[in-house]
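Descriptive structure summary
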Amino acid sequence: MLTDIGVNLSSSRFAGDIEPVLVRAQESNVTKIILTGTSINETEVVIELCETYKTQFPSMLYATAGIHPHEAKSFNTDAITALEDLAKHPSVVAIGETGLDFNRNLSPHKTQEKVFESQIELAITCTLPLFLHERDASKRQLEILRSYQNHLPKAVIHCFTGDKKTLFSYLDLDLYIGITGWICDERRGHDLQNIVKNIPLNRLMVETDAPYLLPRNMPQMPKSRRNEPANLSYVIEGIAAHRAESATTIAENSSATAVAFFNLT
Ligand SMILES: [Zn+2]
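These lines cover the structure that appears in this document, whether it is placed above or below. (Residues numbered from 1 in each chain as written. Predicted model: local features only at pLDDT ≥ 70, side-chain atom pairs only at ≥ 80, totals over all residues. Heavy atoms only, no water.)

**Observations concerning the sheet that holds strand S8 (residues 204-206)**
The parallel open sheet is built from eight strands, whose spatial order is S1-S2-S3-S4-S5-S6-S7-S8. Two strands close off the open sheet at either side, each with one partner strand: strand S1 (2-7) and S8. Averaged over all adjacent pairs, the angle separating strand axes in this sheet is 30 degrees, with direction ignored. Pairing geometry for strand S7 (residues 176-179) and S8, over three bridges, is parallel. Bridge pairing in S8 places Gly178 opposite Met205. Contacts from helix H6 (residues 164-172) reach strand S5 (130-135), strand S6 (155-157) and S7, with the element oriented near 135 degrees to S7. (Pairing = 2+ DSSP bridges. Helix = DSSP H or I, 4+ residues; strand = E, 2+ residues; numbered from the N terminus. Axes fitted to C-alpha atoms, helices over the stretch in contact; angles between N-to-C directions. Contact = heavy atoms within 4.5 Å.)

**Brief notes about the coordination of the zinc ion**
Ideal coordination angles are 109.5 degrees for a metal with four donors arranged tetrahedrally and 90 or 180 degrees for a metal with six donors arranged octahedrally. Only Glu97 (OE), His133 (ND1) and His158 (NE2) from the protein reach the zinc ion as donors, at distances of 2.1 to 2.2 Å. Read from N- to C-terminus, the donor residues coordinating the zinc ion fall into the pattern E-x35-H-x24-H. Of the two residues, Glu97 sits in strand S4 (residues 92-101) while His133 sits in strand S5, which places them 36 residues apart along the sequence. The pair Glu97 / His133 is uniform in exposure class, with both members buried. (Donors = N, O, S within 2.8 Å, 3.2 Å for Na, K, Ca; no water. Buried < 20%, exposed > 50% of the residue type's maximum accessible area, 1.4 Å probe, protein only.)

**Here we look at the pattern of salt bridges**
Using the criterion set out here, one finds 15 salt bridges in the structure. The salt bridge involving Arg226 is made with Asp17; its shortest N-O contact spans 3.0 Å. Remark: Asp17 occurs in the loop between S1 and helix H1 (18-27) and Arg226 occurs in the loop between S8 and helix H8 (232-240); sequence separation between them is 209 residues. Residue Arg188 pairs with Asp185 through a salt bridge whose shortest N-O separation is 3.1 Å. Taken together, the shared-partner salt bridges in this structure form one network comprising Lys110, Glu113, Lys139, Arg140 and Glu143. (Salt bridge = Lys/Arg side-chain N within 4 Å of Asp/Glu carboxyl O.)

As structure tokens, then:
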């Protein structure tokens, strides 16, 4: 059993063939998938997907409810109320993705920080874990997380690609770490390959971030270049190549960690 903690199933690249994607996931032993909510609208869409497929794929799909830092500029006071309502849906298992992205800078930094803090507070009120994003913003992200340290809910940094110092700072805050196919990339994955062994096994989760980040260790890359949950085992193999445990141990443990973290039933 494998759990993919980050899938963007609402992407237009999945339009029209969601069902075969879920069948292939099932056939590849990926039995639980968390769909990422990145805005109010996308959160509504992923919750709807959970509803649509719950009879055909029982206990397989879950959702996060959040506003991605790229979308922070569209935030207003109505948005947090809307998010609070969406978070009550039984399919919603985390608040996010939320955090800071000072790489693409699609929203002003101050706005990103405000929207991030609102979502941390929402996660505290509704007692849900946080699904975090961070790119080139670890210093501010850590400062903000530390300011909530005494009552910070459980949190996972999804698609971690930072350096060793940042990794240890997140681990010191008791955060969990999500690893994607970035680790399988021989061009830009070196740093991550060198430090992945420092993540305690019980803090490690795995994700495809589909349709993005196709694992480059696949024997045959699909022509579409589209990633999907069925490819999760390549991410696990990419991690196992740089750790002492077998792929099976990583698969079993990362899934058990995710099931407990998100309280997947
Ligand atoms: Zn992200």
